[in-house]
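# Overview (structure and organization)
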Amino acid sequence: AASGDKDAPPCPRFCHTGLVYKSSLYVFGGYDGQNRLNDFKQYRLAKEVDVEIPASSLIEDLRSFLNNPACSDVVFIVEQQRVYAH
């Protein structure tokens, strides 16, 4: 069972752990920008939800940072080619 007030929404967080098991989403801990969180939340998911989950763009997003002059604070010259780095 989840801890805390069931009607209160959780605070925004990152660096948390989560998993889906059977019909629930469980979230533990994380960081809210000022405090380490030590709470455990359970969210019961609807039985029939018609949601389209988009394909991940993580790899493409990370690739866009490689050799990118806008994200660079160091430039190496390798075989007469500029290589942007951070």
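So, a few notes on the structure that sits alongside this text. Computed from a predicted structure; not experimentally measured. (Residues numbered from 1 in each chain as written. Predicted model: local features only at pLDDT ≥ 70, side-chain atom pairs only at ≥ 80, totals over all residues. Heavy atoms only, no water.)

### Digging into the environment of Cys11
Looking at the secondary structure, you find Cys11 in the segment before strand E1 (17–21). You can call Cys11 partly exposed: its relative accessible area is 33%. Discounting chain neighbours no more than four positions away, the residues touching Cys11 are Asp32 and Leu37. (Helix = DSSP H or I, 4+ residues; strand = E, 2+ residues; numbered from the N terminus. Buried < 20%, exposed > 50% of the residue type's maximum accessible area, 1.4 Å probe, protein only. Contact = heavy atoms within 4.5 Å.)

### Describing the sheet that holds E1
Ordered in space as E1-E2-E3, the three strands form an open sheet in which the pairing is antiparallel. With one partner strand each, in any of the chains shown, E1 and strand E3 (36–44) form the two edges of the open sheet. Across the sheet, the mean angle separating the axes of adjacent strands is 10° when strand polarity is ignored. Looking at chain direction, strand E2 (residues 24–31) and E3 are connected through seven bridges and run antiparallel. Along E3, the bridge assignment pairs Ser24 with Arg44. (Pairing = 2+ DSSP bridges. Axes fitted to C-alpha atoms, helices over the stretch in contact; angles between N-to-C directions.)

### Focus: the side chain of Ser24
Within the secondary structure, Ser24 sits in strand E2. Judged by relative accessible area, Ser24 falls into the buried class, the value being 6%. Here the side chain of Ser24 touches Gln42 through a polar contact of 3.0 Å, side chain to side chain. Setting aside residues no more than four positions away along its own chain, Ser24 makes contact with Leu19, Gln42, Tyr43, Arg44 and Leu45. (Polar contact = N/O pair within 3.5 Å; in protein donor to acceptor, adjacent residues only side chain to side chain.)

### Points about the pairing of strand E4 (residues 74–78)
Both E4 and strand E5 (residues 81–85) contribute to a ladder of five bridges, which runs antiparallel. Following the sheet pairing, Phe76 is matched in E5 by Val83. From the end of E4 to the start of E5, which pair antiparallel, there are two residues, and Glu79 there has a positive phi angle of about 50°.

### Remarks on the packing of aromatic side chains
A full pass over the atoms with the stated rule returns two aromatic pairs. Ring geometry for Phe14 and Tyr31: centres 5.5 Å apart, planes at 80°, overall edge-to-face. Taken together, the residues Phe14 in the segment before E1 and Tyr31 in strand E2 connect sequence positions 17 residues apart. (Phe/Tyr/Trp six-rings, centres within 6.5 Å; stacked < 30°, edge-to-face > 60°.)

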